[in-house]
Amino acid sequence: MRAYVLIPLYLFVVCLPVLLSWASGMPARSFRNDLASGLGLLAFAMILVEFVLSGRFRSVSSGLGLDITIRFHQLVARTALAFALVHPFLYQWLPGPSRPWDPTRQLTLTSDFVSLLSGILAFVLLPAFVLLSMKHDDLDYRYETWRLIHGLGALLIAGLLLHHALSAGRYSADPMMIWMWGTMTAIAAFSLLAVYVLKPAYQAAHRWRVSSVARLTPRQWGVTITPDGHAGTPYKAGQFVWLNIGHSPFSLRENPFSISSAPSAGPDMSFVIKELGDFTSTLDQIEIGEKAYIDGPHGTLTVDGRDEPGIALIAGGVGIAPLIGILRDLHLAQDARQRVLVYGNRAEEQIVFQDEIDRLAKSENTQVVYVLQEPPDYWFGPSGLIDAGLITRTFDKGQFGSWLFVLCGPTAMMTSVEEALMEHGVAPDRILSERFQYD
Ligand SMILES: Cc1cc2nc3c(=O)[nH]c(=O)nc-3n(C[C@H](O)[C@H](O)[C@H](O)COP(=O)(O)OP(=O)(O)OC[C@H]3O[C@@H](n4cnc5c(N)ncnc54)[C@H](O)[C@@H]3O)c2cc1C
């Protein structure tokens, strides 16, 4: 699904509770009370849609790109938190019996403490949950532990909010609202089921085996997996998968890696993996024949279907992984278009596949620009970072005006290159990028 379908669909679903509350025909009341309910309804709907946004559904992430989907997920979480926190304080005093826990009656419209309790618990848990998610990289526990806490915490909050909406709200007894909240919560819970049960069950029936593991540079490894008893998975050059090596498909131990092989080369999938944390630092322990599982392919970093007359591939460090896949695929497809690969590293020893890249550069319409931050004495190529100056020196007006630019690398490089390209008039739809980190 493309963005022009997904965005109106998203807005419709999130606004549906407010639309149904208007349609419920309840007597009019003050604007403040309507605003208070409206923000509460919006916050709950936004939280429920968050489950689908983070559910790695290809129909969602392939339309927008997974990094945009995750960034949107983060932004919506913060907005929903603000709405949820503000909404109880907007309610105005209403006549009725006194409530011992709320003498000013600013917080509640109901006198039943049990119906309020779920809302109060969610009110306390939600900020803690969002804060924990924003800071998870700084906390000293494994990524997989964070994912588990995130999934279970989200489910708990959704359950509390469902109880609150069906018992404490003005519209809690409205049959349409009950039906809508039930359906939306069921879809949210299903997306967790899909990620943690249905997809792993599919993966268990489509196992792969590690067919090669090799150190490519001091801190980068090449890993290849081969389909075990099936024909493989169709993918486009430049896409990525969640890869699980050596664990049950139902475990949470999987990491996203870009595919560095070309689909036209056969069903095997290769990866270039940089040592970083607990999984990537143990690649030397992987044995040939080890079981592997993939969730994917995902991602929109692909030149398939693009008809620009030239393609610029700009890679920093391990960002070469998807771009070498694209370069290999263009070569195998005998694509006649001009291409330039700009490939930056700190030191020469970090360049992967140098022989292969040099061969491609000699044999066809491919120009390669290696950039080193710390070049050796004999280095004749450009040195420093891949930045606006280097981009200006490497490409000409015609290329900025018509080529496709594909970027993958550290966040700082991507930001400065994207800005430089836009300053040179490259239209945003001719810039494709993949970020390996979401924050
Ligand atoms: C779309 C995408 C493509 C990527 N492609 C490559 C690649 O081709 N080569 C490469 O070397 N690296 C790639 N990465 C980065 C790679 O996923 C992380 O370096 C790796 O997961 C670290 O795992 P670890 O267990 O060694 O380290 P940890 O210490 O567990 O994780 C370090 C950081 O990696 C990220 N990370 C870890 N697990 C996950 C996960 N399951 N989902 C999302 N993020 C996670 C988190 O930000 C975490 O804080 C890619 C990342 C993304 C998002």
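Residues numbered from 1 in each chain as written. Predicted model: local features only at pLDDT ≥ 70, side-chain atom pairs only at ≥ 80, totals over all residues. Heavy atoms only, no water.

Per an unreviewed UniProt entry, the protein goes by the name Ferredoxin reductase family protein and belongs to Roseobacter insulae. The heading Cofactor (unreviewed entry) in the UniProt record of the protein holds the text "FAD". Its UniProt record gives the protein a comment under Subcellular location (unreviewed entry), which states: "Membrane". (UniProt positions renumbered as here; feature names shortened; annotations may be inferred.)

Asks: Would you take a moment to explain the overall build of the protein for this structure?
Replies: Per the secondary structure count, the protein includes twelve helices and eleven strands. Evaluated residue by residue, the protein yields a buried proportion of 48% over its 439 residues. Long-range contacts, defined here as pairs at least 24 residues apart, represent 71% of the contacts in the protein between residues at least 6 apart. Here the protein contributes 33 positive and 40 negative side-chain charges, whose respective centroids are spaced 5 Å apart. (Helix = DSSP H or I, 4+ residues; strand = E, 2+ residues; numbered from the N terminus. Buried < 20%, exposed > 50% of the residue type's maximum accessible area, 1.4 Å probe, protein only. Contact = heavy atoms within 4.5 Å. Lys, Arg positive; Asp, Glu negative; His and termini not counted. Charge placed at Lys NZ, Arg CZ, Asp CG, Glu CD.)

Asks: Explanation requested: the domain arrangement of the protein in the structure shown.
Replies: Quite often, the size of an interface is put as the accessible area lost when its parts meet. Here the protein is partitioned into domain 1 (3-203), domain 2 (208-298) and domain 3 (310-434). Once you take the C-alpha centre of each, domain 1 and domain 3 turn out to be 43 Å apart. (Domains from an automatic or database assignment.)

Asks: Would you explain the packing of helix H2 (residues 31-53) against helix H7 (residues 175-204) in this entry?
Replies: Axis angle and axis distance: for two packed helices, these are the angle between their axes and the distance between the axes, and together they describe the pair. The interhelical angle for the contact between H2 and H7, taken along N-to-C directions, is 30°, at an axis separation of 7 Å. Here H2 lies roughly parallel to H7, going by the angle between them. In the crossing of H2 with H7, the sense of the turn from one axis to the other is left-handed. Here Leu41, Phe44, Ala45, Leu48, Val49, Phe51 and Val52 of H2 lie close against H7, whose contacting residues are Met177, Trp181, Met184, Thr185, Ile187, Ala188, Ser191 and Leu192. (Axes fitted to C-alpha atoms, helices over the stretch in contact; angles between N-to-C directions. Parallel < 35°, antiparallel > 145°, perpendicular 65-115°, else oblique. Left-handed = near helix turned anticlockwise from the far one by under 90°.)

Asks: Help me out: how do you make sense of the side chain of Glu50 in this one?
Replies: Considering the arrangement of structural elements, one finds Glu50 in helix H2. We note that Glu50 is buried and unpaired, the nearest opposite charge coming from Arg78 at a distance of 8.4 Å. Excluding residues within four positions of it along the chain, Glu50 makes contact with His73, Val76 and Ala77. (Salt bridge = Lys/Arg side-chain N within 4 Å of Asp/Glu carboxyl O.)

Asks: What is the right way to read the UniProt feature "transmembrane region" (unreviewed entry) in the protein from this model?
Replies: UniProt's entry tags residues 35-54, 75-94, 114-134, 146-166 and 178-198 with the feature "transmembrane region" (unreviewed entry), counted in the numbering of this structure. Secondary structure across residues 114-134 comprises 100% helix and 0% strand; the distance between its end C-alpha atoms is 31 Å. Counting secondary structure, residues 178-198 comes out at 100% helix and 0% strand; the distance between its end C-alpha atoms is 27 Å.

Asks: What exactly am I supposed to notice about the pairing of strand S11 (residues 431-434) here?
Replies: Two faces make up the sheet, and in a regular strand the side chains alternate between them. The pairing of strand S10 (residues 404-408) with S11 spans four bridges and is classified as parallel. Of the residues in S11, the one forming a bridge with Val406 is Leu432. Following the chain from S10 across helix H12 (residues 411-423) to the adjacent parallel S11, one finds a crossover that is right-handed. (Pairing = 2+ DSSP bridges. Right-handed = clockwise from strand over helix to strand, strands pointing away.)

Asks: Sorry if this is basic, but what is going on with the site of the ligand here?
Replies: Near the ligand lie 23 residues; those nearest to it are Asp137, Pro256, Lys274, Asp278 and Thr280. At a separation of 2.8 Å, a nitrogen atom of the ligand approaches a polar backbone atom of Glu254. Asn255 is positioned such that a nitrogen or oxygen atom in its side chain is 2.8 Å from an oxygen atom of the ligand. Across the complex, the protein chains shield 89% of the 880 Å² of accessible surface that the ligand would expose by itself. Taken together, the elements giving at least two residues each to the shell around the ligand come down to strand S3 (240-245), strand S4 (255-258) and strand S5 (269-274). For the shell around the ligand, the class distribution of residues is 13 nonpolar, four polar and six charged. Each of domain 2 (208-298) and domain 3 (310-434) accounts for three or more of the residues forming the shell around the ligand. (Near = heavy atom within 4 Å. Polar contact = N/O pair within 3.5 Å; in protein donor to acceptor, adjacent residues only side chain to side chain. Areas by Shrake-Rupley, 256 points an atom, 1.4 Å probe, with all protein chains shown as cover. Nonpolar A, V, L, I, M, F, W, Y, C, P; charged D, E, K, R; others polar.)

Asks: Whenever I open this one, the UniProt feature "domain: FAD-binding FR-type" (unreviewed entry) in the protein confuses me. Can you help?
Replies: UniProt's feature table lists "domain: FAD-binding FR-type" (unreviewed entry) at residues 203-304, given in the numbering used throughout. The span residues 203-304 is 2% helix and 41% strand, and its two end C-alpha atoms sit 26 Å from each other.

Asks: Just checking my understanding: could you explain the sheet that holds strand S6 (residues 291-298) for this structure?
Replies: Sheets are built from strands paired through backbone hydrogen bonds, the pairs being either parallel or antiparallel. As summarised here, the arrangement of the six strands in space is S4-S3-S6-S1-S2-S5, forming an open sheet in which the pairing is antiparallel. Strands with a single pairing partner mark the edges of an open sheet, and in this sheet they are S4 and S5. Within the sheet, the average angular offset between the axes of one strand and its neighbour, ignoring direction, is 40°. By the bridge criterion, two bridges tie strand S1 (residues 208-217) to S6 in an arrangement that is antiparallel. Residue Trp208 lies in a different strand from S6, and its bridge partner there is Ala292.

Asks: Looking at this model, I keep getting lost on the layout of surface pockets. Mind explaining?
Replies: Empty space among the atoms can be located by rolling a probe the size of a water molecule over them. Space inside the second largest pocket adds up to approximately 790 Å³. Lining of the second largest pocket is provided by 25 residues; of these, Leu64, Thr300, Arg306, Ile431 and Leu432 occupy positions nearest its centre. Elements supplying a minimum of two residues to the lining of the second largest pocket: helix H3 (58-64), helix H4 (66-90), H12 and S11. In terms of residue class, the lining of the second largest pocket is built from nine nonpolar, eight polar and eight charged. (1 Å grid on protein atoms, 1.4 Å probe; cavity = no way out; pocket = protein on both sides within 12 Å on 5 of 7 lines; lining within 4 Å. Points joined across faces, edges and corners; volume = space filled by probe spheres on them.)

Asks: Can you walk me through the sheet that holds strand S7 (residues 310-316) in this structure?
Replies: Strands sit in the order S9-S8-S7-S10-S11 across an open sheet of five strands; the sheet is parallel. This sheet does not close on itself; its edge strands, each paired only once, are strand S9 (366-372) and S11. With strand direction ignored, the average angle separating the axes of adjacent strands in the sheet is 10°. Pairing of S7 with strand S8 (residues 338-345), which is carried by seven bridges, proceeds in the parallel orientation. Looking at the pairing, Leu313 lines up with Leu341 of S8.

Asks: Which parts of the structure should I look at to understand the pattern of salt bridges?
Replies: Pairing is possible between side chains of opposite charge, provided their charged atoms come close. Summed over the entire model, instances satisfying the criterion amount to 15 salt bridges. Across the salt bridge formed by Arg56 and Asp295, the nearest N and O atoms sit 2.7 Å from each other. Taken as a pair, Arg56 in the loop between H2 and H3 and Asp295 in strand S6 lie far apart in primary sequence, 239 residues in all. When its relative accessible area of 7% is taken as the criterion, Asp295 is described as buried. A salt bridge links Arg328 to Glu356; the nearest nitrogen and oxygen atoms lie 2.7 Å apart. Residue Arg328 is located in helix H8 (residues 320-332), and its partner Glu356 is located in helix H9 (residues 354-363); the two are separated by 28 residues in the primary sequence. Classification of Arg328 as buried rests on a relative accessible area of 16%. Taken together, the shared-partner salt bridges in this structure form one network comprising Arg56, Arg147, Lys199, Glu254 and Asp295.

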